[in-house]
Every structure is written in C-alpha cells, then in structure tokens.
Amino acid sequence: MTRKVALLAMVIAGAGWGAVFVAPGLAPLAPALLLATGRFVAFGAVSLPQVRRVLRADVPWGRVIAHALTGSVLYYAMVALSVRLAGPTVAVATIGLVPVVMALVSARGRRSGAELDHRDGTGRIAGLVPALGLVGVGQVLLHVGPGQDWSLSALAGLGLAVLALVSWSWYGLDSHKLLHDRPDLAPVLAGAQGLAAGVLALPAAVALVLIEGVPAQPLRALAVVLFLGLVSSWLAVRLWHTAAGYLSPVLVSQLMALETAWGFVFAAIAEGGLPGPLALTGEVAILGGVTLAVLVDARRTRIVARSAAPLPERPALSRT
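These numbers come from a predicted model, not from an experiment.

Caption draft 1: A look at the pattern of salt bridges. Counting across every chain of the model gives 3 salt bridges. In this structure, the salt-bridge partner of arginine 63 is aspartate 174, at a minimum N-O distance of 3.3 Å. With arginine 63 in helix H5 (residues 61–86) and aspartate 174 in helix H10 (residues 152–181), this residue pair connects regions lying 111 residues apart in the sequence. On the basis of relative accessibility, which here comes to 28%, the residue arginine 63 falls in the partly exposed class. Relative accessible area serves as the criterion here: at 16%, aspartate 174 is assigned to the buried category.

Laid out in structure tokens, this is it:
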C-alpha cells in the first residue's frame, strides 16, 4: 500500500464514521435504539469468519467486552438518541471533542522525567490552552446562536452526546493502552470487538423487535443497519488499522479529526444546506481547535521522543 492509498483509506474510514451522525435521520420511523443494536449485530455477523483466529489468541475478554460497550453498543445508542433529540449538528460538535479530551487526559498521564521541564504534565496542558479556547468559543457560538433549541428534549440530547463523548474517550485511551501493552492483539482485536458487540447487541435487538414490532419502512431501516454495520463499523475499522501501519503515528493522530469534518458535511447536507453564520463559525472553530490540539500534542510527542533517544557515542580523543 502506498502512502497516497493509505491516506485515501483514512479519508474513507473517516467518512464511514462521520456518517453515523446522520444515519438515524435516513430511517426516521425506526427506533434509534433498534438502529444502534442492529448495526452491531451486523458488525458481529461480518466478524464471524475471524472467530477461529480470535479464539486462538489470548484475548482479554473482560476489557474487550468493556470496549465493545463503551466504544460501540452503548456509545452509538447514545449518539443515535442524541441525534434524534438535539439534531446531528449538536451531536457532531460535542462528539468532535473526543481528540481534545483524549489529549488532556494523556497530558496529565505523562509524568515521566523524559518530558524535560514538564514532568508534572502541566506543560502539555498549558500548550493546549489555545486549542481549548477555540473549542470553547465554537461551542458557545453553536449552542447560543439564533434559533437554538433549548427545549427539554434538546437538552437531553446534548446530555447524551456528552455521555457518549466520555464513553468513547475512555474506550479510545484504554484500547490504545491495550495495544501498546499487547501488540500481538493488533490483527484480531477489531474482530474480537465485533464479535463481542454482536453478542451484546443481539438480545437487545430481538427484544426491541418483539416489544415494538417490525418498524415502519422496514427495508429502509434494514438498509441503514447494514450500511452502519458494514461500512461504519467493519470497513472503517479495518481500513483505519491497515492504513495506520503505512503512516507515521503523528499523521494518524491528526487524521482523527476526519470523523468530525465528515460529520459536519453530512449534517449540513441532512439539514438542507449550510447552517447560519454563527453556527458555521462555531463549527469551524471547533474543528480548528480539535486539529490544533492534535498538532500540539503530536509536536510535544516528537520533542519527548527526541529527548529520550540516546545520544550517539563520540569517539574518544587521543592523548598525545
């Protein structure tokens, strides 16, 4: 895979993830929770061919199940409900804070002596202040602009988006730690998560169908579920993992903002055009803040790596 193909794969993966913010609106008559559980039933089904390989590996199933809940089943259930209650733009803007939250938590966790004068992590947090300022301004512009819905349902949707943000941030940090500690799991971890998510989601999906019946426009709901399971879960995860091996870790971390960028585009299309000037400015500020946070964190990571690298030995001077 060439660098250009790897970058294209990352763009496609980001688009697949960004589509989850507008997919519930494509099947408005289907319950949001049914779409969420159906997505991961489909993800589990397409992961079945990998079941033997997964079972042969020493998979820490407790953590994988926790990842399947916080990064898949519960996370997307909260996103789907947030989109229904508060609209895709608010959901995208809130979930788009994931890279910033992860950068802040990582900054506080990096307390090694290799960080020059930033052993307590405060240097990293201070470096993120401009990015967090942009994100804060963006959130204010987005949520207090003219015509903003402050109804109880919209506030509930915003609250669910915040919970989804916390859920996925923990998943992202812990899954990264797991892969760092157990690099042998890289080829099977996505398949294991897909199988766990499918097993967790199947009973809930069956119960929802039995209780509420088959949704109206069932073919449309099925098409959305299959798209989410095949494209937004199975294909996006595999493209991202495969392409990451051909790109530098710094570039991969910057590309995390692709999901937010695509989410804004899809949300604008779903809502019939560009948002108003204030909301558009807010969205640009949020995306800019997220990108700046990732860039700052990546730059400091490079500095730490260089400072931790051993210096080459100098030839001894002869004494004549």
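Caption draft 2: Region of interest: the environment of threonine 70. One can find threonine 70 in helix H5. Sequence spacing of threonine 70 and leucine 165 is 95 residues, and the spatial spacing of their C-alpha atoms is 9.9 Å. Contact partners of threonine 70, with chain neighbours within four places excluded, come to Tyr75, Ser167, Trp168, Trp170 and Tyr171. A polar side-chain atom of threonine 70 sits 2.9 Å from the main-chain carbonyl oxygen of alanine 66.

Caption draft 3: Expanded view of a nonpolar patch on the surface. On the surface, Leu8, Ile12, Trp234 and Leu235 cluster together into a nonpolar patch covering about 340 Å² of accessible area. Of all the elements in the fold, those that place two or more residues in the nonpolar patch are helix H1 (3–18) and helix H12 (218–244). Overall, the relative accessible area of 41% leaves isoleucine 12 in the partly exposed class.

Caption draft 4: The arrangement of the packing of H1 against helix H14 (residues 258–270) in detail. Look at H1 against H14: their axes get within 7 Å of each other, and the N-to-C directions meet at 55°. Overall, the two elements H1 and H14 adopt an arrangement that is oblique. Relative to H14, H1 is oriented so that their crossing is right-handed. Listed contacts from H14 to Met10, Val11, Gly14, Ala15, Trp17 and Gly18 of H1 are Leu258, Glu259, Trp262, Gly263 and Phe266. A breakdown of the residues in the contact of H1 with H14 according to their chemical character gives 7 nonpolar, 3 polar and 1 charged.

Caption draft 5: Spatial organisation of the environment of serine 47. Take serine 47: it is sitting in helix H3 (residues 32–47). Overall, serine 47 belongs to the buried group, its relative accessible area being 1%. Separated by 146 residues in the primary sequence, serine 47 and glutamine 193 place their C-alpha atoms 8.8 Å from one another. Setting aside residues up to four positions removed in sequence, serine 47 forms contacts with Gly191, Gly194, Leu195 and Arg238. At 2.8 Å, the side chain of serine 47 forms a polar contact with the backbone oxygen of phenylalanine 43.

Caption draft 6: Broad picture of unusual backbone geometry. Positioned with a positive phi, glutamine 217 is a non-glycine residue whose angle comes to about 50°. Glutamine 217 sits in the partly exposed class, given a relative accessible area of 37%.

Caption draft 7: Main features of the side chain of glutamine 193. In this structure, glutamine 193 sits in helix H11 (residues 186–212). Every residue in contact with glutamine 193, bar those within four places of it in the chain, is listed here: Val64, His67, Ala68, Gly71, Ser72 and Tyr171.

Caption draft 8: Inspection of the side chain of serine 233 at higher detail. Position of serine 233 relative to the elements: it lies in helix H12. Of the residues examined, serine 233 reaches a relative accessible area of 3% and is grouped as buried. Separated by 2.8 Å, the side chains of serine 233 and arginine 39 make a polar contact. Ignoring any residue separated from it by four or fewer positions in sequence, one finds serine 233 in contact with Arg39, Phe40, Phe43 and Leu228.

Criteria and thresholds
- Residues numbered from 1 in each chain as written.
- Predicted model: local features only at pLDDT ≥ 70, side-chain atom pairs only at ≥ 80, totals over all residues.
- Heavy atoms only, no water.
- Salt bridge = Lys/Arg side-chain N within 4 Å of Asp/Glu carboxyl O.
- Helix = DSSP H or I, 4+ residues; strand = E, 2+ residues; numbered from the N terminus.
- Buried < 20%, exposed > 50% of the residue type's maximum accessible area, 1.4 Å probe, protein only.
- Contact = heavy atoms within 4.5 Å.
- Polar contact = N/O pair within 3.5 Å; in protein donor to acceptor, adjacent residues only side chain to side chain.
- Patch = residues over 30% accessible without salt bridge, like charges linked within 9 Å, V, L, I, M, F, W, Y side chains within 5 Å.
- Areas by Shrake-Rupley, 256 points an atom, 1.4 Å probe, with all protein chains shown as cover.
- Axes fitted to C-alpha atoms, helices over the stretch in contact; angles between N-to-C directions.
- Parallel < 35°, antiparallel > 145°, perpendicular 65-115°, else oblique.
- Left-handed = near helix turned anticlockwise from the far one by under 90°.
- Nonpolar A, V, L, I, M, F, W, Y, C, P; charged D, E, K, R; others polar.

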